[in-house]
Amino acid sequence: MGDVSNSAGFEELNHVADRAVHVWAPSLEALFEQAARAMFSLMADISTIRPERRHEITIEAEDLETALVDWLNALLFWRETQGEMYSDFRVRWEDGLLRGEFAGQPGYPTFAVVKAATFHDLRIEQDEQGLWHATIVFDT
Amino acid sequence: MVKKSDLRKIDEYLYEIPKEFRPDMRVPARLYADDAILEDALGDRSIEQLVNTATLPGVVRYTLAMPDIHQGYGPPIGGVIATRHPDGIISPGATGYDINCGVRVLVSNITADELRPHLEKLVNALFQNIPSGVGKGGAIRLNAKELDEVMVRGAGFAVERGYGSREDLERTEERGALAGADPAAVSRHARERGSPQLGTLGSGNHFIEVSVVEEVYDPEVADAWGLFPGQIAVWIHSGSRGLGHQVCSDYVRDFQKAVQKYNISLPDRELVCAPFNSPEGQAYFGAMAAAANYAWANRQVMAELVRRTFEQVLAGKVSDWHLRQIYDVAHNIVKIEEHDVDGKRMKLIVHRKGATRAFGPGHPVLPPAYRDTGQPVLIPGDMGTGSYLLVGTEKAMRDAFGTTCHGAGRVWSRAQAKKSIRGEELIQELRQKGIIVRAGSMAGLAEEAPDAYKDVDRVVNVVHKAGLARKVARFRPLGVIKG
């Protein structure tokens, strides 16, 4: 089960071959942060990951969906090549570019691996209350 | 949603959705299934996904799904899509994230009885010697030049470095190196992920299994292949690791622009594609082949690590510890092949995602050892039941672009599997059946519980009865290692 606080959170959905999540948040930036938290929660208990090492990346993409997939796949790339797990995320949009900060610690035990975020069934929408939602399917 | 009444029954185990079903279909879509498999498939979106594959530009004759069909992203798993060469599309989503996820089978000259006293020690040693699990480093760290060579020469690179022999290459699809690989088309990110992972098993549904030949169905072929009941074998199921996943992600992303450029409208963004002879299409094929070759090198290295482990544990304790290779097949890949379509010889771009090549007897591409019998087809099941060796047929060539199933399809989601069973319980259950399991992750193990999969026996029976591949032997697991 995911987090729920300040009307931002995530939950895992049932998907036969892979893992899927539904994420929601009051802003687009918070949505991207929740999506990252949801993804890493599929791999480990992120509540105890300490933000020891910080990194920052910039994502340039043609549309929101591509930006989200790029952001999540970039985090997976860093996880694998640095051997780190991340729990702390901060996203801001600046001049049409996504600036993402993330922090975590090396060598944290994982119970599963997410291989990639996919475009399958990818939806980013805002509901009538102005809350942002996204569904993302991961290849695992 | 597709309903049963939308399907036409062509044969006992073959159904077709005619192209009139939806206006964007260019060809019909076919499914090999029995009643139960059909009901399951109608219950989720796998058949709708199959219908989507029939809309792709350049698609030829019909698209297919094998009886291990299940819902994927883009095409269904178990899908076969052939497009016209050179201008039909090529699609990274129709090939899969784990490029050249595949299987290798080795057999020994000893029996399960001879091995039994040493089995636990052997499984522990395999778990020790072959790196598995999440993102771990592996036996061989490659520098940039070596990685280039692996991507072009595949399993051949590993053989040159002392991992196995040339005979192994003879008995590998494409001799372990697909032509047309282009390391320059592989991103820096993919290279960074691939450099430290050669010789590692990975996680998820990847495994190495020590098993025994439980039943022989075709004594003539079994004899020709040197198989006998009670014989010890080893199955290796693994793919291209982080390198392949990154290649797929990179190109699924790049092709989002390509579909606009080439005016291709898609029912699903994961079906992104480009004409094969476009710069984008060529780049993807080059990168895909490079990743496929990496996977073949990977299985070649692991096979040698398995052999060294057999020697380490069994030399002097059993009559003969040696292992020889039966075959190695890919089940997520795209190939350029020639097939007869409506009496005409056509060059095609054949995507197999969760489907295995199954060439029949006489095919010139097969090594001399298999030209008379047909190609060995390696079908891994799940941990609880077993695996099958099949042989390719003329009928598969005629009706299914020389293709058959790849294994058991999933029925439970991973989330569901984890809620239903605990890894520790599963290990006890399997031990009671005489199966020793060493796994890196209990939760990962639970996701792979046998109940989470379709019945492989059922899937194999469908392809056997439909004539796409013939059963040769069935294997029962004795020991399994997983990440």
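Residues numbered from 1 in each chain as written. Chains lettered and ligands numbered in written order. Predicted model: local features only at pLDDT ≥ 70, side-chain atom pairs only at ≥ 80, totals over all residues.

Participant: Honestly, the overall build of chain A in this entry has me stumped. Any pointers?
Facilitator: Along chain A, the regular secondary structure elements total two helices and nine strands. Sequence-ordered secondary structure for chain A, helices as α and strands as β, is β-β-β-α-β-α-β-β-β-β-β. Since a compact globule built from 140 residues should have a radius of gyration of about 14 Å, the 14 Å found for chain A is in line with a globular shape. For the C-alpha atoms alone, the extent of chain A along its principal axes is close to 40 × 40 × 30 Å. For chain A, long-range pairs separated by at least 24 residues make up 62% of all intrachain contacts whose partners lie at least 6 apart in sequence. (Helix = DSSP H or I, 4+ residues; strand = E, 2+ residues; numbered from the N terminus. Rg over C-alpha atoms; globule rule 2.2 N^0.38 Å. Contact = placed C-beta atoms within 7 Å.)

Participant: In this structure, what is going on with the interface of chain B and chain A? I would like to understand it.
Facilitator: By a widespread convention, an interface's size corresponds to the accessible area lost as its parts come together. Tallying the contact residues gives 34 residues for chain B and 27 residues for chain A. Residue assignment for the side of chain B that touches chain A shows that the elements contributing at least two residues are α8 (188-194), α10 (241-261), α14 (414-420) and α16 (442-447) of chain B. In terms of residue count, α10(B) provides more of the side of chain B that touches chain A than any other element does, eight residues in total. Along the lines of polarity and charge, the residues of the side of chain B that touches chain A split into eight nonpolar, 17 polar and nine charged. (Nonpolar A, V, L, I, M, F, W, Y, C, P; charged D, E, K, R; others polar.)

Participant: What am I meant to see in the sheet that holds strand β5 (residues 84-94) of chain A here?
Facilitator: Residues and elements named next belong to chain A. A sheet is described by the order of its strands in space; here three strands give the open sequence β4-β6-β5, paired in antiparallel fashion. For this open sheet the edge positions go to β4 (53-59) and β5, each flanked by a neighbour on one side alone. Here the strands of the sheet are splayed against their neighbours by 20° on average, with no regard to which way each runs. As paired elements, β5 and strand β6 (residues 97-106) share 10 bridges and run antiparallel to each other. Bridging from a neighbouring strand, Arg90 pairs with Glu101 of β6. Along the sheet face, helix α1 (residues 28-41) touches β5 and β6 and points at about 165° away from the line of β5. (Pairing = 2+ DSSP bridges. Axes fitted to C-alpha atoms, helices over the stretch in contact; angles between N-to-C directions.)

Participant: Hey, could you run me through the confidence of the model for chain B in this one?
Facilitator: Detailed reading of predicted coordinates is not advised where the pLDDT is low. Of all residues in chain B, 93% have pLDDT values of 70 or greater, and the mean over the chain is 92. Under the prediction, the complex receives an ipTM of 0.84, its pTM being 0.93. (pLDDT = per-residue confidence, 0-100.)

Participant: Is there a simple way to think about the confidence of the model for chain A in this case?
Facilitator: Here chain A averages 90 in pLDDT, while 94% of its residues score no lower than 70. Per-element mean pLDDT across chain A ranges from 54 in strand β1 (residues 4-5) of chain A up to 97 in α1(A).

Participant: Is there a simple way to explain the pairing of strand β5 (residues 77-84) of chain B in this structure?
Facilitator: For a regular strand, side-chain orientation follows a simple rule: the groups alternate between the two sheet faces. Residues and elements named next belong to chain B. Across the eight residues of β5, seven count as buried, placing the element largely inside the fold. In textbook terms, the turn of a hairpin is the stretch between consecutive antiparallel strands, and for strand β4 (residues 63-70) and β5 this stretch comprises six residues, one of which, Gly74, has a positive phi near 95°. Relative to strand β13 (residues 344-353), β5 is paired through six bridges, and the arrangement is antiparallel. Looking across to β13, one finds that Ala82 is bridged to Val350. (Buried ≥ 20, exposed ≤ 12 C-beta atoms within 10 Å, placed from the backbone.)

Participant: Could you clarify how one ought to interpret helix α1 (residues 35-43) of chain B in this entry?
Facilitator: Along an α-helix, a turn takes 3.6 residues, which lines up residues three or four apart on a common side. Residue and element names in this part refer to chain B. Residues Ile37, Leu38 and Ala41 constitute the buried set of α1. For α1, the arc enclosing every buried residue in end-on projection is 100°, short of the 170-degree limit, so these residues lie on one face. Of the exposed residues in α1, the ones pointing more than 90 degrees away from its buried face are Asp35, Glu39 and Gly43. Looking at the packing, one finds that the buried side of α1 touches β2 (14-17), β3 (29-32), α2 (46-53), β4 and α17 (456-465). (Arc of directions from axis to C-beta.)

Participant: Could you clarify how one ought to interpret the sheet that holds β3(B) in this entry?
Facilitator: Strands belonging to one sheet form pairs held by backbone hydrogen bonds; the direction of such a pair is parallel or antiparallel. All names here are of chain B. Read from one edge to the other, the open sheet built from seven strands follows the order β1-β2-β3-β4-β5-β13-β12, with strand pairing classed as mixed. Looking along the sheet, the strands with just one partner apiece sit at the ends: β1 (8-11) and β12 (332-341). Averaged over all neighbouring strand pairs, the angle between strand axes comes to 25°, with direction disregarded. Looking at chain direction, β2 and β3 are connected through four bridges and run antiparallel. By the bridge assignment, Glu16 is partnered in β3 with Arg30.

Participant: Hey, could you run me through unusual backbone geometry in this one?
Facilitator: Residues apart from glycine generally show negative phi values, whereas peptide bonds are mostly found in trans. Residue and element names in this part refer to chain B. In this structure, the amide linkage connecting His85 to the following residue, Pro86, adopts the cis form with an omega of 5°. Along the chain, Pro86 turns up in the loop between β5 and β6 (89-90). Phi angles above zero are rare outside glycine, and Asn263 is one such case at about 55°. Assignment of secondary structure puts Asn263 in the loop between α10 and β10 (274-275). For Asn263, a count of 7 C-beta atoms within 10 Å gives the class exposed.

Participant: Whenever I open this one, the environment of B:Ile69 confuses me. Can you help?
Facilitator: Secondary-structure assignment places B:Ile69 in strand β4. Judged by the 30 C-beta atoms lying within 10 Å of it, B:Ile69 is buried.

Participant: Just checking my understanding: could you explain the environment of B:Ala33 for this structure?
Facilitator: Among the structural elements, B:Ala33 can be located in the loop between β3 and α1. It is 30 Å that separates the C-alpha atoms of B:Ala33 and B:Val210, two residues lying 177 residues apart in sequence.

Participant: Explain the environment of B:Met288 here, please?
Facilitator: All names here are of chain B. Within the secondary structure, Met288 sits in helix α11 (residues 279-314). Under the C-beta neighbour-count criterion, Met288 is labelled buried, with 31 such atoms within 10 Å. Separated by 108 residues in sequence, Met288 and Gly180 have C-alpha atoms that sit 9.3 Å apart. Excluding residues that lie within four positions of it along the chain, Met288 makes contacts with Thr95, Ile99, Val247 and Val334.

Participant: I tried to follow the pairing of strand β8 (residues 123-126) of chain A on my own but got confused; where do I start?
Facilitator: Residue and element names in this part refer to chain A. Bridge count between β8 and strand β9 (residues 132-139): four bridges; the pairing is antiparallel. The partner of Glu125 across the bridge, within β9, is His133. In this antiparallel pair of consecutive strands, β8 and β9, the connection spans five residues, and Gly130 shows a positive phi of 85°.

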